[in-house]
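# Architecture at a glance
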Amino acid sequence: MKEKDQKKNEVSSGGSGSGGANVGGTHALLKGSTRAMRPGAKVLGVADPDEWIELTIKVRRKKALPEVGKTAMRPLSVQELETQYGAAEADMDKVRTVLTGLGAKVLKEDAVSCGIRAGARAEVWESAFQVKLFHYSHSEGNYRGRKGDLRVPVELQEIVVG
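My aim in this report is to walk through the structure given alongside it, one point at a time. (Residues numbered from 1 in each chain as written. Predicted model: local features only at pLDDT ≥ 70, side-chain atom pairs only at ≥ 80, totals over all residues. Heavy atoms only, no water.)

Along the chain, the position of Pro66 falls in the loop between strand E3 (52-58) and helix H2 (78-85). For the pair Pro66 and Tyr85, spaced 19 residues apart in the sequence, the C-alpha separation amounts to 9.4 Å. Setting aside residues no more than four positions away along its own chain, Pro66 makes contact with Met73 and Tyr85. (Helix = DSSP H or I, 4+ residues; strand = E, 2+ residues; numbered from the N terminus. Contact = heavy atoms within 4.5 Å.)

Given below as structure tokens:
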């Protein structure tokens, strides 16, 4: 299969390749989300679909934070930080709506840090982000993780950044 056709197929079907822009599918690649097993790790098994998992979803900022040391700036209050650089209320609302629609429970929202803490059963997160979760053993301790890319529902593809 040609690379262009393969990428189109991976994005629309939720495959684990490098992906690209969404082409009529339900999910889009979250750039920079690729993960690999830790060196020396061994798969113990798949995560229990009913296992409760909490995670933080990062939402885009209204505008990028200024580079440190580039421009002299006076310190900002928390309110000024949120107003200028926090997450937009509409973006936070959209993420909350999509997550709750998928079956997740929103636990905490913070527009200043652009984060939404949410919890759900493993199978909810696997479906929401088109991944398979595993338990791994490693010399530094066991952990739960994934391999490959995350894909976000298309409604969130420009909003969720991590």
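Turning to the packing of aromatic side chains, a few remarks are in order. Enumeration over the complete set of coordinates arrives at three aromatic pairs. Between Trp125 and Phe129 the ring centres are 5.8 Å apart and the planes differ by 20°, which places this aromatic pair in the stacked class. Of this pair, Trp125 and Phe129 both sit in helix H4 (residues 122-129), separated by four residues, roughly a single helical turn. For the ring pair Phe134 and Tyr136, a centre distance of 6.2 Å and an interplane angle of 55° mean the geometry is tilted. Taken together through their ring pairs, the aromatic side chains of Phe134, Tyr136 and Tyr143 make up a single cluster. Above the ring of Tyr143, the side-chain terminus of Arg38 is found at 5.8 Å from the ring centroid. (Phe/Tyr/Trp six-rings, centres within 6.5 Å; stacked < 30°, edge-to-face > 60°. Lys NZ or Arg CZ within 6 Å of the ring centre and 35° of its normal.)

Turning our attention to the side chain of Asp149. Examined against the element boundaries, Asp149 turns out to sit in the loop between strand E7 (143-145) and strand E8 (151-153). For Asp149, a relative accessible area of 7% puts it in the buried group. A distance of 2.3 Å separates polar atoms of two side chains, one belonging to Asp149 and the other to Thr34. (Buried < 20%, exposed > 50% of the residue type's maximum accessible area, 1.4 Å probe, protein only. Polar contact = N/O pair within 3.5 Å; in protein donor to acceptor, adjacent residues only side chain to side chain.)

This part takes up the side chain of Asp91. Tracing the chain through its elements places Asp91 in helix H3 (residues 89-102). Separated by 2.7 Å, the side chains of Asp91 and Arg60 make a polar contact. Residue contacts for Asp91: discarding those within four places in its chain leaves Val59, Arg60 and Ile159.

It is worth spelling out the pattern of salt bridges at this point. Taken as a whole and judged by the stated rule, the model has 11 salt bridges. Across the pair Arg38 and Glu140 runs a salt bridge whose closest N-O atoms are separated by 2.8 Å. With Arg38 in the loop between strand E1 (27-29) and strand E2 (42-46) and Glu140 in the loop between strand E6 (134-137) and E7, the pair connects residues that are 102 residues apart, well separated along the chain. Take Arg38: its relative accessible area is 34%, and that puts it in the partly exposed class. Glu54 is the partner of Arg117 in a salt bridge, and the nearest nitrogen-oxygen pair spans 3.7 Å. With Arg117 in strand E5 (residues 115-121) and Glu54 in strand E3, the pair connects residues that are 63 residues apart, well separated along the chain. Residue classification places Glu54 among the partly exposed positions, given a relative accessible area of 39%. (Salt bridge = Lys/Arg side-chain N within 4 Å of Asp/Glu carboxyl O.)

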